[in-house]
Amino acid sequence: MAATVFYLDPLPPVGAVAVLDGKEGRHAATVRRIRVGEQLVLADGRGAIARAVVVEVGKDRLDLEIRERDELPAATPTVTLVQALPKAERSELAVELATEAGIDAIVPWQSARCVARWEGPKAVKGVARWQAVAVAAAKQSRRAHIPEVAELHRTAAVVELVSRVTAGGGVVGVLHESATTALAGLSLDGVAELVLVVGPEGGLDDAEVEALTAAGAVAVRLGPTVLRTSTAAAVALGALGVLTDRWAARPLQ
């Protein structure tokens, strides 16, 4: 049975005793009722992992002896998701599914046709909530890397991001049901960075598609069906796992 993964930053060196407290320690000691002698995997969320054994259990905390340490590289090419804000009931689902499918970074996008609106303090709360969902999904899927959630982007900032990525040799695919190019048609050989742009429930505005493609993006379709904004990225990441070496690594044990 695979050991449970908990996040701790920074990770101590081999031979040291790590203290897992706070939210993670409370979940481990009180909810999971982990006991002395059990083995856990600790990760810092940026690729460093440590295999540890519980040596003491306290109230809402564990003391663990670090037995092994390792560094796991990020998958290549790295994939950033520019996700137009879904409706409230599907907003967190989009982040959860994309994280489980391996996304490396997420950019929330206030596109023209978004029903959801993040204004003022709501934007700060929205980003924080998406980051919390990403952490929980990364833990559930046993990921060594937690995707970072960027600040809310307006369309001008997304266009600037596209220009920067394509100028650096990266590829940007805008998922669009009317595109003539399939996702599999993107030239990904030797590409180190890829960006996926997913529109809202109402679809992308024509002006947005024009601005993104003018900046170097390519409009692509996933298949013959129209997917919800909350599931499109996860499906695309599954396809990219087969089309590239992103899924070459073995699961974290």
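For the structure, see preceding data.
Residues numbered from 1 in each chain as written. Predicted model: local features only at pLDDT ≥ 70, side-chain atom pairs only at ≥ 80, totals over all residues. Heavy atoms only, no water.

Visitor: How would you sum up the sheet that holds strand E9 (residues 171–175)? Please name residues and give values.
Guide: With respect to topology, seven strands assemble into an open sheet ordered E8-E7-E6-E11-E9-E12-E10, the strand pairing being parallel. Every interior strand has two partners, whereas the edge strands, strand E8 (148–149) and strand E10 (181–182), have only one. Against the sheet, helix H4 (residues 155–167) engages strand E6 (78–84), strand E7 (105–109), E9 and strand E11 (193–198), with an angle of about 140° to E9. (Pairing = 2+ DSSP bridges. Helix = DSSP H or I, 4+ residues; strand = E, 2+ residues; numbered from the N terminus. Contact = heavy atoms within 4.5 Å. Axes fitted to C-alpha atoms, helices over the stretch in contact; angles between N-to-C directions.)

Visitor: How would you summarise the packing of aromatic side chains if you had to cite specific residues and measurements?
Guide: Scanning the model with the defined rule gives one aromatic pair in all. Considering the side-chain rings of Trp-118 and Trp-130, the 5.1 Å spacing of their centres and the 70° angle between planes classify their relative orientation as edge-to-face. Separated by twelve residues along the polypeptide, Trp-118 in the loop between E7 and helix H3 (121–140) and Trp-130 in helix H3 bring together distant segments of the chain. (Phe/Tyr/Trp six-rings, centres within 6.5 Å; stacked < 30°, edge-to-face > 60°.)

Visitor: Give a detailed account of the side chain of Ser-91, specifying residues and quantitative values.
Guide: Relative to the helices and strands, Ser-91 resides in helix H2 (residues 88–100). A residue is classified by how much of its surface remains accessible, and Ser-91, at 9% relative accessible area, is buried. Discounting residues that sit within four places of it in the chain, Ser-91 has contacts with Pro-86, Trp-118 and Trp-130. (Buried < 20%, exposed > 50% of the residue type's maximum accessible area, 1.4 Å probe, protein only.)

Visitor: Help me get a handle on the nonpolar core, residues and values and all.
Guide: The nonpolar side chains of soluble globular proteins are, as a tendency, buried together. Counting 52 residues, the largest nonpolar core has Val-82, Trp-109, Leu-196, Val-197 and Leu-212 as its most contacted members. With six residues, helix H6 (residues 229–243) is the single largest residue contributor to this core. The contacts of Leu-196, once residues within four sequence positions are left out, are Val-79, Thr-80, Leu-81, Val-82, Gly-173, Leu-175, Leu-183, Ala-236 and Leu-240. In terms of nonpolar packing, the next biggest core, distinct from the first, is built from 17 residues, Ala-28, Ile-34, Leu-42 and Ala-52 among them. (Core = buried A, V, L, I, M, F, W, Y, C linked by side-chain atoms within 4.5 Å.)

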